[in-house]
Amino acid sequence: MRAVVVGAGFGGLVAARLLKGVGLEVVVLEAHTYPGGLAGSFYHRGFRFEAGATLLSGLAPGAPLALAAEALGVRLPATPLPPGFPLMEVLLPRGRLLRLVGREAEREAQRDFFGPQVLPFWAWQEDRAQRLLDLAPRLPWPPEGEELGLLLPLFPRLLPLLPDLFLRPQARAPQDPDFLRFLEAQLLISAQTQASYALYAALALDLPHLGPALVPGGMGRVAEALAEGLEVRYKAKVERLLLREGRARAVEVAYGGRRRGEREVLAGDLFFLNIPPEPLLGLPQRVPKDAWGAFVLYGVLPFEAPPPYYRQNARERPFAFLSLRPEGGKTVFALSLHTPLALWEGLSREEYARLKAQWQALALRLGEALLPGLGEASPLFAATPRTYRRFAGRAWVGGYPQTHPFRFPRVRVLPNAFRVGEGVFPGQSVPAVVLSAFRAVRLALGRAGLAGKGEGDYSALPGDPTYW
Ligand SMILES: Cc1cc2nc3c(=O)[nH]c(=O)nc-3n(C[C@H](O)[C@H](O)[C@H](O)COP(=O)(O)OP(=O)(O)OC[C@H]3O[C@@H](n4cnc5c(N)ncnc54)[C@H](O)[C@@H]3O)c2cc1C
């Protein structure tokens, strides 16, 4: 049985390894020349820069990347940060707040900065995040219609969480303007908005405790480790998904590089789409009205910046997020700002150049407050929502506010074609993408009638097989 995986982002790679692990023939088709997609690294003027993701978290025991590493038997080339490590500095009107690794250390820092009235909020956050994390790997989520029955045995454990599906996290927080701003800024990094429901926000705020790690050489190193041993065909752009009788039968591939000009129809039994299915099916891809995009300024500084390696300017809007990676006496940085997509549409070449220069100046001004001297970087260049659209080959890159828990696309696109990656959990970071791979593979194997039938070893898949 052959599985075809379209896209070598983290979602595609984790799914491919899980499928290979259970004995399927797996082919991964990737349009670029390297793995990782938006969590990969690209070379520019001798340095490795991050395509998107800069902060890797999820390596704590039971967290998605730890589960993946265990299930796949891969050693991820990432160095977990110890408790107490200054992970992130958040610049607020009141001063600079450190987010430290480890709950105990963070609680103390929060108490000292905001006062003891924030402690009940963190107690609630920890409780909800832990309950969710415990459930996440085995929860058939997002559920397909026929699986609703599988949620029933979990109901007693889901019940205490229900009120938090309808509340905003701010409703759980003390009404201190700086604390509310802090929540908004942090949620913007991991949940894309303050308008998330409280349960999801509790998990998103858990980032420093989910096992954050540094990746020497850049995020792409982790993607390379995941791609090892897989048949990944690079410069292989999938243009169409071919159907017969309502099922996917093959993909049409256009090759570049040394195979430039070659086309192939590659047949398969199961298909995993690490990209939106619409363009492959000749359908228009809808961009939600409240979707966001990213503006990222990249550069290299002639010195090694000290920790914290992640810094956020939440003193004024738009909030700016600076990621630093010291390397050989220099520091590679990415400074990202959320930006409305509409701003970048329908511009002439000159208008686009002018807007890009304006945003670059804005980013530098906000970034200088986080690390003086940023403007002296060389090289210094920027990526806009247009750049990302071209790079990722989809209508937009970003996410949309998690306003309610049912705001997600379907995992199963066709009976034998499954969405994997951030298409399932839009803009919600690498750990969510990894969970989506577990989800899609379990769903697919269950439907293919392979789960638990002895063709291969499924015990390596995280989660309880009775929920397949
Ligand atoms: C600016 C920015 C900063 C971010 N920061 C963080 C962060 O710090 N931490 C974090 O955890 N997450 C972060 N994220 C989110 C994270 O990067 C993504 O959620 C995640 O990488 C998406 O993975 P994926 O597998 O869904 O898809 P992608 O990474 O989009 O991978 C899809 C792959 O498919 C390939 N492809 C596209 N079209 C075709 C085709 N037709 N044929 C073949 N291949 C194709 C692409 O080249 C790509 O390699 C950030 C995202 C952005 C944009």
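In this numbering scheme, every chain counts its residues from 1 along its sequence in written order. Local features are withheld for residues below a pLDDT of 70 in this predicted model, meaning they are given only at 70 or higher, and side-chain atom pairs are given and counted only at 80 or more; totals for whole chains, interfaces and linings count all residues. Based on all heavy atoms of the structure, the side-chain values leave hydrogens and waters out of the count.

Quick notes on the overall build of the protein chain
Check the secondary structure of the protein chain and you find 12 helices and 20 strands. Taking 2.2 N^0.38 as the reference for a compact globule, 468 residues should give roughly 23 Å; the C-alpha atoms of the protein chain span a radius of gyration of 22 Å, in line with that estimate. Buried positions account for 58% of the 468 residues belonging to the protein chain. Look at the contacts in the protein chain between residues 6 or more apart in sequence, and 68% of them connect residues 24 or more apart. About 19100 Å² of surface is accessible on the protein chain, with carbon and sulfur atoms providing 55% of the total. One finds the centroid of the 54 positive side-chain charges in the protein chain at a distance of 4 Å from the centroid of its 43 negative side-chain charges. A run of H or I in DSSP counts as a helix once it spans at least four residues, and a run of E counts as a strand once it spans at least two, with each numbered from the N terminus. Taken over C-alpha atoms, the radius of gyration is set against a globule rule of 2.2 Å times the number of residues to the power 0.38. Buried residues are those whose accessible area, probed at 1.4 Å on protein chains only, stays under 20% of the maximum for their type, while exposed residues exceed 50% and partly exposed ones sit between those limits. In this description, contact between two residues means that some pair of their heavy atoms is separated by no more than 4.5 Å. Every accessible area reported is derived by Shrake-Rupley at a probe size of 1.4 Å, with residue values counting cover from the shown protein chains alone. A residue counts as positive if it is Lys or Arg and as negative if it is Asp or Glu; His and the chain ends are not included. For charged residues, the charge sits on one atom: NZ in Lys, CZ in Arg, CG in Asp, CD in Glu.

Digging into the sheet that holds strand 15 (residues 310-313)
Strand order in this open sheet of 7 strands is 7-6-15-16-17-14-18, and the pairing throughout is mixed. The strands lining the two open edges of the sheet, one partner per strand, are strand 7 (95-100) and strand 18 (380-383). The average undirected angle you get between the axes of adjacent strands in this sheet is 20°. Of the strand pairs in this sheet, strand 14 (residues 292-301) and strand 18 are connected by 4 bridges, and their pairing is antiparallel. Each residue of the ladder has a partner; that of V296, found in strand 18, is A383. The criterion for strand pairing is that DSSP finds at least two bridges linking the strands in question. Simply put, an axis is a line fit to the C-alpha atoms, just over the touching stretch for a helix, and the angle between two N-to-C directions goes from 0 to 180 degrees.

Some thoughts on the domain arrangement of the protein chain
Residue ranges assigned to each domain were obtained from an automatic or database domain assignment. Under the domain assignment, the protein chain is made up of domain 1 (2-75 + 219-287 + 399-467), domain 2 (82-210) and domain 3 (292-392). Taking only C-alpha atoms into account, the centre of domain 2 sits 27 Å from that of domain 3. Contacts between the two partners involve 19 residues from domain 2 and, on the opposite side, 17 residues from domain 3. In total, domain 2 and domain 3 occlude about 1600 Å² of area from one another, counting both sides; carbon and sulfur atoms represent 57% of this. Two parts placed together each lose some accessible area under a 1.4 Å probe, and adding up what both lose gives the buried area. The three residues of domain 2 that bury the most area against domain 3 are E89, L91 and R181, which together make up 35% of that side's buried surface.

Digging into the environment of T387
Examined against the element boundaries, T387 turns out to sit in helix 11 (residues 385-392). When the C-alpha positions of T387 and P163 are compared, they lie 40 Å apart, and in sequence the two are 224 residues distant. Throughout this description, a polar contact denotes any pair of N or O atoms lying within 3.5 Å of each other; where both atoms belong to protein, one of them has to be capable of donating a hydrogen while the other can accept it, and for residues adjacent in sequence the pair is counted only when both atoms sit in side chains. A polar contact is formed between the side chain of T387 and the backbone nitrogen of T384, at a distance of 2.8 Å.

Concerning the site of the ligand
Surveying the vicinity of the ligand reveals 35 residues, the closest of which are G11, E30, L38, R394 and E422. Between the ligand and L55, the relevant distance is 2.8 Å, taken from a nitrogen atom to a main-chain nitrogen or oxygen of the residue. Considering the ligand on its own, with 1000 Å² of exposed area, one finds that the protein chains cover 92% of that surface. Elements supplying a minimum of two residues to the shell around the ligand: helix 1 (10-21), strand 10 (236-244), strand 14, helix 11 and helix 12 (429-447). Looking at the shell around the ligand element by element, the count peaks at 4 residues for helix 12. Charged residues are taken to be Asp, Glu, Lys and Arg, nonpolar residues to be Ala, Val, Leu, Ile, Met, Phe, Trp, Tyr, Cys and Pro, and polar residues to be all remaining types, Gly included. Within the shell around the ligand, the residues separate by chemical class into 20 nonpolar, 11 polar and 4 charged. When residues of the shell around the ligand are assigned to domains, at least three fall in each of domain 1 (2-75 + 219-287 + 399-467) and domain 3 (292-392). Consider each residue's heavy atoms; a residue with any of them within 4 Å of a molecule or strand counts as near.

Considerations on the nonpolar core
Put simply, a nonpolar core is a bunch of buried Ala, Val, Leu, Ile, Met, Phe, Trp, Tyr and Cys residues held in one set by side-chain atoms that sit within 4.5 Å of each other. Judged by nonpolar contacts, the single largest core of 68 residues is most densely connected at F179, F182 and L335. Summarising the domain contributions, this core has at least three residues from each of domain 2 (82-210) and domain 3 (292-392). Every residue in contact with F179, bar those within four places of it in the chain, is listed here: Q110, F114, V118, F121, W122, A173 and P174. Of all hydrophobic cores here, the second largest spans 54 residues; its members include L18, L56, A227 and L230.

Describing unusual backbone geometry
Residue P308 is bonded to the preceding P307 through a cis peptide linkage, with omega at 0°. Within the fold, P308 resides in the loop between strand 14 and strand 15. With phi around 45°, R45 is a residue other than glycine that occupies positive phi space. Along the polypeptide, R45 turns up in the loop between strand 3 (41-44) and strand 4 (47-50). You can call R45 exposed: its relative accessible area is 59%. Although it is not a glycine, K235 sits at a positive phi angle of roughly 55°. Along the chain, K235 turns up in the loop between strand 9 (231-233) and strand 10. The exposure class of K235 is partly exposed, given its relative accessible area of 36%.

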